[in-house]
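Structural characterization, general
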Amino acid sequence: MTERKSSFTYEELLACGRGELFGPGNAQLPLPPMLMFDRITSIGETGGANNKGHVVAEFDIRPDLWFFPCHFKGDPVMPGCLGLDALWQLTGFHLGWLGLPGRGRALGVGEVKFSEQVLPTTKKVVYGVDFKRIFKSKLVLGIADGWLEADGKRIYEVKDMRVGLFGTAA
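Below you will find a few notes about this structure. Sequence order sets the numbering: in each chain, residues are counted from 1 along the sequence as written. Note on the predicted model: pLDDT of at least 70 is required for a residue's local features to be given, and 80 or more for side-chain atom pairs to be given and counted; whole-chain, interface and lining totals, by contrast, use all residues. Calculation of side-chain values draws on the structure's entire complement of heavy atoms; hydrogens and water are dropped beforehand.

1. Remarks on the pattern of salt bridges
A carboxyl oxygen of Asp or Glu within 4 Å of a side-chain nitrogen of Lys or Arg is what we treat as a salt bridge. For the coordinates displayed, the defined rule picks out 14 salt bridges. Across the salt bridge formed by Asp60 and Arg39, the nearest N and O atoms sit 2.7 Å from each other. Placement of the pair is Asp60 in strand 2 (residues 54–60) and Arg39 in strand 1 (residues 39–44), with a sequence separation of 21 residues. Here Arg39 falls in the partly exposed class, since its relative accessible area comes to 23%. Put simply, Glu111 and Lys113 hold a salt bridge, and the shortest N to O gap is 3.4 Å. Exposure is judged per residue with a 1.4 Å probe applied to protein chains only, and the accessible area is read against the type maximum: over 50% gives exposed, under 20% gives buried, and values in between give partly exposed. Of the residues examined, Glu111 reaches a relative accessible area of 37% and is grouped as partly exposed. Among the residues examined, Lys113 registers a relative accessible area of 52% and is labelled exposed. Three or more residues are tied together by salt bridges with common partners; here these are Arg39, Glu58, Asp60 and Lys124. The secondary structure listing takes helices from DSSP runs of H or I that are at least 4 residues long and strands from runs of E that are at least 2 residues long, numbered from the N terminus.

Here it is as structure tokens:
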């Protein structure tokens, strides 16, 4: 990938999920229903809160999304862990977008705060990832903070997410 794109459509995200975007054995997104965003609107090697790289993505919320009927019956909300997973997905995607080798794995998070919920009445979720540090040696590791906004209101704050890229086991 000589010139990197700065945004990605849903179809391009699906291609990443099939392993077609970054090459065999490299970072992949999950396929639906676990793909938790519809498009990446901005991705860069600079920018973000620390000017060390960023990703912004959007997810159109519909009342018929798969998780609402089961979480919880009669009291539907998007599971907070799915919002966190989306932020991990975006962190790993960024590492693959940088051309770094290996398959992405979430390694942890320092702190997560939820102040409100994503409800079936929500129209749009916006996710943001702001990189703090990226290790590009034998260890490929991204450390970033993240956030989630529901209809323009920030309701999740995540500190020190860690995602690594790993080669296939021998």
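2. Describing the state of the cysteines
Two cysteine sulfur atoms make up a disulfide if the distance between them is within 2.5 Å. Applying the stated criterion to the full structure yields 0 disulfides. With no disulfide of its own, Cys70 lies closest to Cys81 among cysteine sulfurs, the gap being 10 Å.

3. So, unusual backbone geometry
The amide bond that connects Pro32 to the next residue, Pro33, takes the cis arrangement and shows omega of 10 degrees. Structurally, Pro33 is set in the loop between helix 1 (10–17) and strand 1. Residue Phe72 is reached from His71 by a cis peptide bond, and omega for that bond is 5 degrees. Within the element layout of this structure, Phe72 appears in the loop between strand 2 and helix 2 (80–97). Phi angles above zero are rare outside glycine, and Asp151 is one such case at about 50 degrees. Despite not being glycine, Asp160 has its phi angle at roughly 60 degrees, a positive value. Residue placement: Asp160 occurs in strand 7 (residues 153–166). Relative accessible area serves as the criterion here: at 28%, Asp160 is assigned to the partly exposed category.

These results come straight from atomic positions and should not be treated as a statement about function.
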